[in-house]
Amino acid sequence: MQTFKTKLAAINEVAEKTMEFVFEKPEHIEYKAGQHVNFKLPELYYEDKKGPRRTFTLVSSPRESSLKIATRLTGSGFKRTLLEMPVKTELEFIGPMGELVLNMQYPAVFIAGGIGITPFKSMLTDIENINFNNKIMLLYTNKSIKRSVYFNYFTEYKNKKFTFIPIFTAEKSWTGEQRRIDTNLIKEYIENVKQSIIYLCGSTQMVRQLTEELIKENINQDQIRSESFFGY
Ligand SMILES: Cc1cc2nc3c(=O)[nH]c(=O)nc-3n(C[C@H](O)[C@H](O)[C@H](O)COP(=O)(O)OP(=O)(O)OC[C@H]3O[C@@H](n4cnc5c(N)ncnc54)[C@H](O)[C@@H]3O)c2cc1C
């Protein structure tokens, strides 16, 4: 693992209380779609018991000319500092690291809760440039459309092999899927669950619960790839 220096280049709002931070891409960095890095802020403007470091998935894809992360604003000292940091502030990170990367050989079922969408946005952007010949399904659950990060990107994503199932659990006007994700819902949408790799990303509770349910359904542990984001 290496240490890199980078500079903040831009901040964009990508959903309600959810920001995308764009960083200059260091020369010679190589990473796989779905991997993460650990950022260290040069100073904290606000107190933070956890200190100046946090891990974030690179939501950008490896071919993009900048590095991007996306995160919900929670009020932590780390995130308040990140939001107020002037453009061009230099910071460092270690990485890239992580095993939540696409297996080219099998159909992919991406299951994301909230900000857990970040590795899948990176992978789907990357798939536009690589020869992935299997089906891809994205089940993406949020409370509401305005909380749904990169919703338009997935709605407009053009790939015959891709199916997008947005799930809104508290969106009154939504006529599509509203149920909580469980194995029954997964089986309804995916005929060949046992021949697919299931990638899970979201809160610790969501990932733990779905993993347990999938294993009870005799889905092999090595068909399940997951990452949990704690702190939400
Ligand atoms: C492999 C991996 C990849 C990850 N990728 C991402 C990613 O792509 N995007 C992402 O957003 N996160 C990601 N995370 C999680 C990330 O590292 C943080 O844990 C998460 O974003 C919460 O950080 P935080 O600073 O908001 O809250 P923490 O400091 O962890 O605090 C937890 C909660 O306490 C509350 N809190 C803390 N301090 C205050 C305060 N001063 N005032 C009020 N409330 C407070 C907040 O509500 C916060 O939600 C990833 C984690 C891992 C391990």
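The structure under discussion appears in the preceding block.
In this report, we go over the structure that sits alongside the text. Because the structure is predicted, anything quoted here is derived from the model rather than measured.

The next thing to look at is the overall build of the protein chain. Counting its secondary structure elements, the protein chain contains 5 helices and 11 strands. Taking 2.2 N^0.38 as the reference for a compact globule, 232 residues should give roughly 17 Å; the C-alpha atoms of the protein chain span a radius of gyration of 18 Å, in line with that estimate. Each of the 232 residues in the protein chain was classed as buried or not, and the buried ones make up 54%. Of all intrachain contacts in the protein chain linking residues separated by at least 6 positions in sequence, the fraction that spans at least 24 positions is 72%. In the form shown here, the protein chain has an accessible surface area of approximately 12,000 Å², with 47% of it arising from carbon and sulfur atoms. For the protein chain, the centre of its 32 positive side-chain charges and the centre of its 27 negative side-chain charges are spaced 2 Å apart.

A separate point is the sheet that holds strand S11 (residues 224-229). Read from one edge to the other, the open sheet built from 5 strands follows the order S9-S8-S7-S10-S11, with strand pairing classed as parallel. Because the sheet does not close on itself, it has two edges, and the strands there are strand S9 (162-168) and S11. Taken over all neighbouring pairs, the strand axes of this sheet differ in orientation by 10° on average, direction set aside. With 7 bridges joining them, strand S8 (residues 136-142) and S9 adopt parallel strand pairing. Among the inter-strand pairings, Asn142 is bridged to a residue of S9, identified as Phe168. Taken strand by strand, helix H2 (residues 118-127) contacts strand S7 (108-113), S8, S9, strand S10 (197-203) and S11, and its axis lies near 145° from that of S7. Against the sheet, helix H5 (residues 204-216) touches S7, S10 and S11, its axis set at about 150° to S10.

The subject of this paragraph is the pattern of salt bridges. Within the structure shown, the criterion is met by 10 salt bridges. Here Glu64 makes a salt bridge to Lys68, at a shortest N to O gap of 2.9 Å. Exposure remark for Glu64: the relative accessible area of 17% places this residue in the buried category. Each of Glu177, Arg179 and Glu188 takes part in a single network of salt bridges with overlapping partners.

Below, the discussion takes up unusual backbone geometry. Here the amide bond leading from Gly95 into Pro96 is cis, since omega sits at -10°, within 30 degrees of zero. Counting through the fold element by element, Pro96 comes out in strand S6 (residues 90-97). Of note in this structure, His28 is not a glycine but carries a positive phi near 70°. Along the chain, His28 falls in the loop between strand S2 (18-24) and strand S3 (36-40). Even without being glycine, Asn218 reaches a positive phi, approximately 65°. Within the element layout of this structure, Asn218 appears in the loop between H5 and S11.

What counts, and where the lines are drawn
Residues numbered from 1 in each chain as written. Predicted model: local features only at pLDDT ≥ 70, side-chain atom pairs only at ≥ 80, totals over all residues. Heavy atoms only, no water. Helix = DSSP H or I, 4+ residues; strand = E, 2+ residues; numbered from the N terminus. Rg over C-alpha atoms; globule rule 2.2 N^0.38 Å. Buried < 20%, exposed > 50% of the residue type's maximum accessible area, 1.4 Å probe, protein only. Contact = heavy atoms within 4.5 Å. Areas by Shrake-Rupley, 256 points an atom, 1.4 Å probe, with all protein chains shown as cover. Lys, Arg positive; Asp, Glu negative; His and termini not counted. Charge placed at Lys NZ, Arg CZ, Asp CG, Glu CD. Pairing = 2+ DSSP bridges. Axes fitted to C-alpha atoms, helices over the stretch in contact; angles between N-to-C directions. Salt bridge = Lys/Arg side-chain N within 4 Å of Asp/Glu carboxyl O.

From the geometry alone we can't say anything about function, so treat these as descriptive.
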